[in-house]
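Residue strings, one per chain:
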Amino acid sequence: MGCLCTDRPPPTQLADPVQTGRSVTDIAYAVGFKDAAHFARALKSRHCVSPREYRRDHSAAPQKPGA
């Protein structure tokens, strides 16, 4: 199954520097998903990246080495 890579943006909380302390699971529930795995699959399908990859690539906050 290929990714759709739609123009629909992912939840902004993933890249918001203020939200870096929130888990992906917490963000998934906050945006309406009942299952963090479903959120991760949906993001990967729509945007070709995992939540962790999206957060790493789009966050303005410095990342810890090895994170």
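That block above? That's the structure.
Please read all numbers here as calculations on a predicted model, not as lab measurements.

## Considering helix α3 (residues 51-58)
- The set of residues buried in α3 consists of P51, Y54 and R55. For α3, the angular spread of the buried residues around the axis is 95 degrees, confining them to a single face.
- Turning to α3, the residues buried within the fold contact α1 (24-30) and α2 (36-47).

## Regarding the packing of aromatic side chains
- By the definition in use, this model includes one aromatic pair.
- A ring pair is formed by F33 and F39, whose centres lie 5.2 Å apart and whose planes are at 70 degrees; its orientation type is edge-to-face.
- When its relative accessible area of 18% is taken as the criterion, F33 is described as buried.

## A closer look at α2
- Across its twelve residues, α2 extends 16 Å between first and last C-alpha, which sits within 8% of the 16 Å expected from 1.5 Å per residue.
- Regarding α2, the residues found buried are A36, F39, A42, L43, S45 and H47.
- On the buried face of α2, the contacting elements are α1 and α3.
- The residue sitting at the N-terminus of α2 and contributing the capping side-chain oxygen is D35; that oxygen lies 2.8 Å from the backbone nitrogen of A37.
- Positive backbone phi, at 65 degrees, marks C48, one or two positions downstream of α2.

Each value, and the rule that gives it
For every chain, the first residue of the written sequence is number 1, and numbering continues from 1 onward in sequence order. For a predicted model such as this one, the threshold for reporting local features is a pLDDT of at least 70, and the threshold for listing and counting side-chain atom pairs is 80 or more; totals across whole chains, interfaces and linings nevertheless cover every residue. Each side-chain value is derived from all of the structure's non-hydrogen atoms; neither hydrogens nor water enter the calculation. Burial classification: accessible surface area is computed with a 1.4 Å probe over protein chains only, and a residue below 20% of its type maximum counts as buried, one above 50% as exposed, and the rest as partly exposed. Put simply, DSSP marks the helices as runs of H or I at least four residues long and the strands as runs of E at least two long, and each gets a number from the N terminus on. Summarising the geometry, the arc corresponds to the directions from the helix axis toward the C-beta atoms. Any pair of residues with heavy atoms lying within 4.5 Å of one another is described as a contacting pair. The pairing test for Phe, Tyr and Trp rings, Trp by its six-membered ring, is centres within 6.5 Å, and the orientation test on the planes gives stacked under 30 degrees, edge-to-face over 60, and tilted for anything in between. An expected span of 1.5 Å times one less than the residue number is assigned to each helix. Identification of polar contacts relies on pairs of N or O atoms within 3.5 Å, with a donor-acceptor requirement for protein atoms, meaning one able to donate a hydrogen and the other able to accept it, and with residues adjacent in sequence counted only if both atoms are side-chain atoms.

Remember that the coordinates give geometry; whether it matters functionally is a separate question.
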